[in-house]
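Remarks on the overall topology
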Amino acid sequence: VNDVEYNVSPSNNSIPMGEGSTDTDFVLSNIQNLNTTCQQNVNVVYTLDVLPNPTAAFTIDEIPDLCQTDLFYVPYSFTGNAPVTVGWQIDDGYASTDTETGNMDSIAFYATTPGDYNIILHHIIDTNGCESDLEDLISVTVQPNRNALFSLTDNKMCAPATPSIFNETNYE
């Protein structure tokens, strides 16, 4: 190949190939063997498809406070050529990936321990192999369940009666 000269337009170093790039046609022309006088006049067009990187983001701004053992589905949407694989994690150490074929899905969140949690979308890759690192975070607070316990001073009384109710509620 070192003894062949050719023209490519536009040149490789004049085309930005970052995010937001568009499809580009490369034209190969005037191939000449430097060891002989042979030359071939060609006009070959190669099209480079520049594909956008996929994205994903939560579709709600906040999650209402949940009670211990509540199940809540946290919705998110994404772009990219399906199927896409979305990586997410909860800051308590649980992590997962989901493969999706539509343009919207949700993460099922269920906590048995009260506290504050962060759910993070951290990576997406589409069927073309295009990928993006993400950092979309949403927080949720899980409240402890309440156990209510009431008792009567006496469950049998003669009329006219005035029962006394005692609140013995225990907050875990």
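The structure under discussion appears in the preceding block.
Residues numbered from 1 in each chain as written. Predicted model: local features only at pLDDT ≥ 70, side-chain atom pairs only at ≥ 80, totals over all residues. Heavy atoms only, no water.

On to a negative patch on the surface. On the surface, a cluster of negative charge is contributed by D61, E62, D65, D91, D92 and D116. Its place among the elements puts D92 in the loop between β7 (84–90) and β8 (95–100). (Patch = residues over 30% accessible without salt bridge, like charges linked within 9 Å, V, L, I, M, F, W, Y side chains within 5 Å. Areas by Shrake-Rupley, 256 points an atom, 1.4 Å probe, with all protein chains shown as cover. Salt bridge = Lys/Arg side-chain N within 4 Å of Asp/Glu carboxyl O. Lys, Arg positive; Asp, Glu negative; His and termini not counted. Charge placed at Lys NZ, Arg CZ, Asp CG, Glu CD. Helix = DSSP H or I, 4+ residues; strand = E, 2+ residues; numbered from the N terminus.)

Right, let's talk about the nonpolar core for a bit. Formed by 22 residues in total, the largest nonpolar core has its most connected members in F58, F109, I119 and L121. Setting aside its immediate chain neighbours within four residues, L121 contacts A56, A57, F58, Y76, V86, G87, W88, I107, L134, E135 and D136. (Core = buried A, V, L, I, M, F, W, Y, C linked by side-chain atoms within 4.5 Å. Buried < 20%, exposed > 50% of the residue type's maximum accessible area, 1.4 Å probe, protein only. Contact = heavy atoms within 4.5 Å.)

Quick look at the sheet that holds strand β9 (residues 104–110) now. One open sheet accounts for three strands, arranged β4-β6-β9; its pairing is antiparallel. Strands with a single pairing partner mark the edges of an open sheet, and in this sheet they are β4 (55–58) and β9. Ignoring strand direction, the axes of neighbouring strands in this sheet form an average angle of 30 degrees. Here strand β6 (residues 71–79) runs beside β9; their pairing, made up of seven bridges, is antiparallel. What sits directly across from F72, in β9, is F109. (Pairing = 2+ DSSP bridges. Axes fitted to C-alpha atoms, helices over the stretch in contact; angles between N-to-C directions.)

Our next topic: the packing of aromatic side chains. Aromatic ring pairs are reported here in terms of the distance separating the ring centres and the angle at which the planes meet. Per the counting criterion, the structure on display carries three aromatic pairs. For the ring pair Y76 and F78, a centre distance of 6.3 Å and an interplane angle of 45 degrees mean the geometry is tilted. A relative accessible area of 0% places Y76 in the buried class. With centroids separated by 5.7 Å and ring planes inclined at 50 degrees, the aromatic side chains of W88 and Y94 adopt a geometry described as tilted. The buried category is assigned to W88, whose relative accessible area is 5%. Here Y94 falls in the partly exposed class, since its relative accessible area comes to 46%. (Phe/Tyr/Trp six-rings, centres within 6.5 Å; stacked < 30°, edge-to-face > 60°.)

Turning to a nonpolar patch on the surface, a few remarks are in order. A surface patch of nonpolar side chains, amounting to about 350 Å² of accessible area, comprises L71, Y73 and Y110. Its location among the elements puts Y73 in strand β6.

Here strand β2 (residues 24–33) pairs with strand β3 (residues 39–48) via eight bridges, running antiparallel. Along β3, the bridge assignment pairs L28 with V44. The antiparallel pairing of β2 with β3 creates a hairpin that spans five residues between the two strands.

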